[in-house]
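Reading the structure
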Amino acid sequence: MRRRICELAAQAAALLGEPALAAQPEPAPDKIAALLLERLRDQGDNSCASEHERHLAELAEIGTHFEHRRDCLAAVQDAIGALAQITSPTAMLEHAPRLLCAASELDVVLLSTIERGQLVARTACFRDRPDQGQAALRALARTQIALEHPLLDAEALRRRRATLVADARLQARAHADMTRIMGWHSYVVAPVALGGQRTAVLHAARDPGRVEARHRDVLWKFAVGLAAAHESAALRRRLRSERWQMRQFLDHLDIRLAGVSEEAVRLGPGRSRTRSPEVHPGRGQVAGESVLADILTRREIEILGLLADGLTNRAIADRLVVSDGTVKFHVHRILRKLRVSNRAEAVSRYLMLGRMRVRASEG
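Let me begin by describing the structure that accompanies this report.

Some details on the nonpolar core
- Leu 83, Val 192, Leu 202, Phe 222 and Leu 226 are the most contacted members of the largest nonpolar core, which has 36 residues in total.
- When residues no more than four places from it in sequence are discounted, the contact partners of Leu 226 are Leu 83, Met 92, Leu 93, Ala 96, Leu 111, Val 192 and Leu 202.
- Among the nonpolar cores identified, the runner-up in size contains 27 residues, and Leu 119, Ala 124, Ala 156 and Ile 181 belong to it.

What follows is the structure, encoded as structure tokens:
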């Protein structure tokens, strides 16, 4: 189209006797049009001038329309950015209608999910009537909306695109109960793919007023952005869950390897699995140690002693060159084996056994 305009401008410049303009690679149509109008006025012909002014007014109106559309889409992009800051997929769906109302000319937004072929309303936002949202949700909960032919909402879902319903109250393919409850004359509807088999549906309208093509474009852009943000949040949550499971597995493996290492030391050359000759349960010095040894492993006794010294889990992990998770796991096992509810009670039990050793040595 640009090349065709340049060719026509060059021909017009040649006809006007302006070879310099015609020889330019891309003659400026505005300059040539202004030159043509000036020639026509000189000849007393004003009909083309008035037609030209009318065309300029139409172009200005179209330019204003597209600038307004661009501003609307930019505002929706900001709303999508705000959605991306929400880490919970469920909370994201709850806040989506409110964010769309705040970022666009749409005054009524309804988000629904599809369950067993039925449209189930989840959250709604009425810009100028905040209390109307809950009332509309309660009314829609008592209404069955089956997504099946010839419903326009079902067609929008099947075609995976935004659809504008010009006159909902006279449109036979619009759901009459939903139109009555939401109170809209015209609306736009768009599907939202949530990943897997899950799909949500966005309805939006103006209150008052009718929706136009730019509102359909705004809703579709928001629906696509919501789907992407929701999928990203779901993936991040899944990655956090898998990372936590992997960390638990590594901590468990670390504990198992530590147990194998202790067993290897206990069964090394010159050792036996029986108690050493110095251990006499009947004598007080090892009475407390015997009780702990019967309940806890060597590593757990070591960690309990460090707890009694006032060390934190992080300090114990640094001392033993293990992870924080390994220390937490050992502490949990110590509390369970000693049948105490917290670290202070475990330390108290350890110190009580220490006093037993002192009394036995004095005896």
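Quick word on unusual backbone geometry
- Omega for the bond connecting His 149 with Pro 150 falls within 30 degrees of zero, at 10°, which places this linkage in the cis form.
- Tracing the backbone shows Pro 150 in the loop between helix H6 (132–141) and helix H7 (152–159).
- The residue after Asp 207, namely Pro 208, is reached through a cis peptide bond having omega -5°.
- Within the element layout of this structure, Pro 208 appears in the loop between strand S5 (198–205) and helix H9 (213–266).
- Within the chain, Arg 116 stands out as a residue other than glycine whose phi angle is a positive 55°.
- Turning to its location among the elements, Arg 116 is positioned in the loop between strand S1 (108–115) and strand S2 (118–126).
- Overall, Arg 116 belongs to the exposed group, its relative accessible area being 86%.

Focus: the pattern of salt bridges
- Per the stated rule, a full pass over the model turns up 16 salt bridges.
- Notably, a salt bridge pairs Arg 333 with Glu 300, separated by 3.0 Å at the nearest N-O pair. Of the two residues, Arg 333 is situated in helix H13 (residues 324–338) and Glu 300 in helix H11 (residues 298–308); the sequence distance between them amounts to 33 residues.

A closer look at the environment of His 215
- Within the secondary structure layout, His 215 lies in helix H9.
- Through-space distance from the C-alpha of His 215 to that of Leu 73 is 9.5 Å; in sequence the pair is 142 residues apart.
- For His 215, the contacting residues outside a window of four places in its chain are Glu 105, Leu 106, Val 188, Arg 206 and Arg 210.
- Within polar-contact distance, the side chain of His 215 engages the side chain of Glu 105 at 2.7 Å.

Let's talk about a positive patch on the surface
- A cluster of basic residues, Arg 236, Arg 237, Arg 240, Arg 243, Arg 247 and Lys 328, forms a positive patch on the protein surface.
- At five residues, H9 tops the list of elements feeding residues into the positive patch.
- Topologically, Arg 237 is positioned in helix H9.
- A relative accessible area of 42% means that Arg 237 is categorised as partly exposed.

Points about the side chain of Asp 153
- Mapped onto the elements, Asp 153 comes out in helix H7.
- One buried charge, Asp 153, has no salt-bridge partner; the nearest side chain with opposite charge is Arg 173, at 8.7 Å.
- For Asp 153, the residues in contact, after removing those within four places along its chain, are Leu 147, Tyr 187, Val 189 and His 203.

The rules behind these values
Residues numbered from 1 in each chain as written. Predicted model: local features only at pLDDT ≥ 70, side-chain atom pairs only at ≥ 80, totals over all residues. Heavy atoms only, no water. Core = buried A, V, L, I, M, F, W, Y, C linked by side-chain atoms within 4.5 Å. Buried < 20%, exposed > 50% of the residue type's maximum accessible area, 1.4 Å probe, protein only. Contact = heavy atoms within 4.5 Å. Helix = DSSP H or I, 4+ residues; strand = E, 2+ residues; numbered from the N terminus. Salt bridge = Lys/Arg side-chain N within 4 Å of Asp/Glu carboxyl O. Polar contact = N/O pair within 3.5 Å; in protein donor to acceptor, adjacent residues only side chain to side chain. Patch = residues over 30% accessible without salt bridge, like charges linked within 9 Å, V, L, I, M, F, W, Y side chains within 5 Å. Areas by Shrake-Rupley, 256 points an atom, 1.4 Å probe, with all protein chains shown as cover. Lys, Arg positive; Asp, Glu negative; His and termini not counted. Charge placed at Lys NZ, Arg CZ, Asp CG, Glu CD.

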